[in-house]
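# Residue-level structural notes
Residue strings, one per chain:
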Amino acid sequence: MKVNKVPTELLRDGHLKGAFTTGETNLSAINDWLLNPSDLDTNPEIYSVQVADNNIEDGQPGGLFFGVSRIAPGNVHGEFYFTKGHFHKKIDTGEYYWGISGSGLLLLGDTDGNERLLAVEPGAVLYIPGKTAHRLINIGQGTLAVGAVWQSESGHAYSKNGNLFKTHVLKDASSIGYKVIQDQ
Ligand SMILES: O=P(O)(O)OC[C@H]1O[C@](O)(CO)[C@@H](O)[C@@H]1O
């Protein structure tokens, strides 16, 4: 029997190689959600997501997607870079994340508006239950690379009014290197 080469590889630095699509998100997409927005003199890339979809359509039931999010290090007026974050359109579906490199936080929010943070370090395996909005925040000095597997029927649901979360994570001089502020 012939053994075929796998179409997609996960490299040690968190990049995919082979068959995948890439999406990029710049600062302007999250700027209004910052405590103290940038004047957008520059509009740097904040994160990219590489997805191996195995030719499965988004929304199709029964399949799984495999992705890697890579969030750049940095902050705007002290607030660390983060992903847009979303609920799933099929809201009761969950997702796995795992830390590949860098240092971050996973912000989770339930449908009642309760929010919590989990540490994301290389090797950490994080389960995102259904009905839970999720956002990655890079609190480290290097790129935060995080793997993910989610159902092809999950879809992405964003808030019509903007930011889904009230939690902000800012750089500070404490031993943990950050502080948390919540909108009232
Ligand atoms: O831009 P968003 O909504 O934060 O999502 C980024 C990506 O993170 C994932 O949860 C996987 O990393 C994907 O579902 C999504 O494409």
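Note that residues are indexed from 1 along each chain, following the sequence as it is written. Where local features are concerned, this predicted model is filtered to residues with pLDDT of at least 70; where side-chain atom pairs are given and counted, the filter is 80 or more; whole-chain, interface and lining totals use all residues. Only hydrogens and water are set aside; all other atoms, that is, all heavy atoms of the structure, feed into the side-chain values.

The protein appears in an unreviewed UniProt entry as glucose-6-phosphate isomerase from Lactiplantibacillus daoliensis. Recorded under Catalytic activity (unreviewed entry), the UniProt text for the protein is reproduced unchanged: "alpha-D-glucose 6-phosphate = beta-D-fructose 6-phosphate". UniProt positions are given in the numbering used here, feature names are shortened, and annotations may be inferred rather than shown by experiment. Its UniProt record, at the heading Sequence similarities (unreviewed entry), says of the protein: "Belongs to the archaeal-type GPI family."

Looking now at the site of the ligand. Note on terminology: near, applied to a residue and a molecule or strand, indicates that one of the residue's heavy atoms is within 4 Å of it. Taken together, 13 residues lie near the ligand, and Tyr47, Ser69, Gly85, His86 and Tyr158 sit nearest. Pairs of N or O atoms are called polar contacts if they sit within 3.5 Å, as long as, within protein, a hydrogen donor faces a hydrogen acceptor (for residues adjacent in sequence, only side-chain-to-side-chain pairs). Between the ligand and the protein, one listed contact pairs an oxygen atom with a side-chain N or O atom of Ser69 at 2.8 Å. At 2.7 Å from an oxygen atom of the ligand is found a side-chain nitrogen or oxygen belonging to His86. To measure how exposed things are, a 1.4 Å probe is used in the Shrake-Rupley method; for residues, cover is taken only from the protein chains shown. Starting from 400 Å² of accessible surface for the ligand in isolation, the protein chains cover 92%. Put simply, DSSP marks the helices as runs of H or I at least four residues long and the strands as runs of E at least two long, and each gets a number from the N terminus on. Of all elements in the fold, only strand S4 (45-52), strand S8 (95-101) and strand S13 (144-151) reach the threshold of two or more residues within the shell around the ligand. Taken together, the residues of the shell around the ligand break down into six nonpolar, five polar and two charged. Classes in brief: Ala, Val, Leu, Ile, Met, Phe, Trp, Tyr, Cys and Pro nonpolar; Asp, Glu, Lys and Arg charged; the others, Gly included, polar.

This paragraph deals with the pattern of salt bridges. Basic side-chain nitrogens of Lys or Arg form a salt bridge, by our definition, when they fall within 4 Å of a carboxyl oxygen of Asp or Glu. Scanning the model with the defined rule gives two salt bridges in all. With a closest N to O distance of 3.9 Å, Glu9 and Lys17 form a salt bridge. The classification of residues rests on relative accessible area computed with a 1.4 Å probe and restricted to protein chains. Under 20% of the type maximum is buried, over 50% is exposed, and intermediate values are partly exposed. Judged by relative accessible area, which is 27%, Glu9 ranks as partly exposed. Sharing partners across several salt bridges, the network here consists of Lys5, Glu9 and Lys17.

This paragraph deals with the sheet that holds strand S9 (residues 104-110). Paired strands, in this sense, are two strands between which DSSP finds at least two bridges. Strand order across the open sheet formed by three strands is S10-S9-S12, with antiparallel pairing between neighbours. The open sheet has two free edges, formed respectively by strand S10 (115-120) and strand S12 (132-138), since each of these has just one partner strand. Between one strand axis and the next, the sheet turns by 25° as a mean value, whatever way the strands run. Where S9 meets S10, six bridges bridge the pair, whose relative direction is antiparallel. Residue pairing for S10: Leu106 is matched across the bridge by Leu118. Axis lines are fitted through C-alpha atoms, for helices just across the contact stretch, and the angle between N-to-C directions can take any value from 0 to 180 degrees.

Here the focus is the pairing of strand S14 (residues 167-171). Buried residues dominate S14, accounting for four of its five residues. In this sheet, strand S15 (residues 178-182) lies alongside S14 in antiparallel orientation, the contact comprising five bridges. Counterpart to Lys171 in the pairing with S15 is Tyr178. What sits between the antiparallel neighbours S14 and S15 is a turn of six residues, in which Gly177 has the positive phi angle 85°.

Strand order across the open sheet formed by six strands is S3-S4-S5-S13-S8-S11, with antiparallel pairing between neighbours. Two strands close off the open sheet at either side, each with one partner strand: strand S3 (21-26) and strand S11 (125-128). Strand-to-strand twist of the sheet, defined as the mean angle between neighbouring strand axes without regard to direction, takes the value 20°. Summarising the sheet, S4 and strand S5 (residues 64-71) pair through six bridges and their orientation is antiparallel. Its bridge partner being in S5, Ala52 is matched across the sheet by Phe66.

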